[in-house]
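Each chain, letter by letter, is given below.
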Amino acid sequence: MQTFSLWLSITLYPHWMLLSWTFKSLLQPVSLSRWLAQRGVMDLSAVVSHLNAFAPPALAESWDNVGLLVEPTPPHMVQKLLLTNDLTEDVLEEAVGMGAEMVLSYHPPIFKALKRLTCGNWKERLMVKALEKRIAIYSPHTAYDALSKGVNDWLGRATGPCVSLPLRASLSLSHPGGNAHVLEFSCGLSESVLSRVKSLQGVCLRTFQVSEEGEKRTRVRLSCSQKALQQTLSILTEDPCVYRSVELLTLQKPPLLDTGMGRLCTLTEPVSLATALERIKTHVGLNHLRLGIGRGKTLESSVSTVAVCAGSGSSVLSGVPADLYLTGEMSHHDVLDAVAEGRSVVLCEHSNSERGYLKELRVQLEERLKGKVQVVVSQTDRDPLQVV
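The protein goes by NIF3-like protein 1 in an unreviewed UniProt entry, where it is assigned to Pelobates cultripes. Quoted verbatim from the Function (unreviewed entry) field of the UniProt record, the comment on the protein reads "May function as a transcriptional corepressor through its interaction with COPS2, negatively regulating the expression of genes involved in neuronal differentiation." As stated in UniProt under Sequence similarities (unreviewed entry), the record for the protein gives "Belongs to the GTP cyclohydrolase I type 2/NIF3 family."

Encoded structure:
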């Protein structure tokens, strides 16, 4: 009997401990996000938060349509995310086939407003099927263009080691405290009037002593929001003498030195135009490029500066002093202008100037998502144009 009891204890002990641990785990408060993360899956809202932190949508151009574009009914869990340059019907079929719960499409599949969702138009069909299959869609577009180590920095490395700077720097995303104006004036206001100014929402006020014409005077400096500016000025007009002393400064957001549209790349070592072309082909994975040779230049001409803009580069590159323009596409007349100014132009078609970045992006996003979401680059995504 003692032998049987000992055997029973040894046999059941591990199971009892496991059961005990399970009940203890159930009793301990664990957040849903932590529970999901431990199991290699992440809630869509958490994924979007990580993506927005990686490249804030505020970096995008004002005309762009970025961020979460299609959201299945919550809760929506993401275990696999498909990266693509363009979301086509073939790419969406690929996403469905691999069981992806989310697609990150560099170009926004919703750009112009959709007035209906039917199956008569391919873009509308995309949205219908994405919702039916519960696939979320996110697009960063020009936020990734501006991003440091983003699309344009990837393209800027095409011709070799270089130092690059944005052609048009992005501005800081917000003012400290959200105030955009500074007012300064000589203090001659009564305490009651000054108290009214202080009580305005969106106003931060301080006083300091200055010497004016040999006399010490009190000056008031206040920062305020756009809304509070009108209210402050209205109060100050009650004392014409004070109002005449008002100095107004509109604050400008400081530039972000490594963030912005396009890049001007200064090569560590100048190369010939011919060498630059071969390097670009290797970098973007193409056998053929379109080339416009600058007036007075040849394939042996030296290239030391390259202005790049992924996608359609006309508006960003126009007038930039560089030996070579590298972009996806430019209008005929913009190419004529550049060539006439002695600048060579290389065109590799719109999405070919962007797609190669997706391989680097995959690594960056897996790190950002802490390996909890599998990130896959599309195999069916390709430029709609080819050289035949």
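This is not the end of the story, as more comes after the structure.
Caption draft 1: Spotlight on the overall build of the protein. Across its full length, the protein carries 14 helices and 17 strands. Residues counted as buried form 43% of the 388 residues belonging to the protein. Carbon and sulfur atoms make up 56% of the accessible area of the protein, which amounts to about 21700 Å² in all.

Caption draft 2: Broad picture of the sheet that holds strand 2 (residues 67–70). Here we have five strands laid out as an open sheet, ordered 2-6-5-4-17, and mixed in their pairing. The sheet is open, and its two edges are formed by strand 2 and strand 17 (374–377), each paired on a single side. Taking each pair of neighbouring strands and ignoring which way they run, the sheet shows an average axis angle of 25 degrees. Examined bridge by bridge, strand 5 (residues 102–105) and strand 6 (residues 136–139) share three bridges and lie parallel to one another. For Leu104, the partnering residue across the bridge sits in strand 6 and is Tyr138. Helix 3 (residues 44–54) contacts strand 2, strand 4 (80–84), strand 5 and strand 6 of the sheet and is inclined by roughly 20 degrees relative to strand 5. Of the strands in this sheet, strand 4, strand 5 and strand 17 are in contact with helix 14 (residues 357–368), which crosses strand 17 at around 175 degrees.

Caption draft 3: Seen up close, the pattern of salt bridges. Following the criterion strictly, the structure yields 15 salt bridges and no others. The partner of Arg362 in a salt bridge is Glu366, with the nearest N and O atoms 3.2 Å apart. Placement of both Arg362 and Glu366 in helix 14 is noted, with a separation of four residues, approximately one turn of the helix. The exposure class of Glu366 is partly exposed, given its relative accessible area of 25%. Through salt bridges that share partners, Glu184, Arg219, Arg221 and Glu247 make up one connected network.

Calculation criteria
- Residues numbered from 1 in each chain as written.
- Predicted model: local features only at pLDDT ≥ 70, side-chain atom pairs only at ≥ 80, totals over all residues.
- Heavy atoms only, no water.
- UniProt positions renumbered as here; feature names shortened; annotations may be inferred.
- Helix = DSSP H or I, 4+ residues; strand = E, 2+ residues; numbered from the N terminus.
- Buried < 20%, exposed > 50% of the residue type's maximum accessible area, 1.4 Å probe, protein only.
- Areas by Shrake-Rupley, 256 points an atom, 1.4 Å probe, with all protein chains shown as cover.
- Pairing = 2+ DSSP bridges.
- Axes fitted to C-alpha atoms, helices over the stretch in contact; angles between N-to-C directions.
- Contact = heavy atoms within 4.5 Å.
- Salt bridge = Lys/Arg side-chain N within 4 Å of Asp/Glu carboxyl O.

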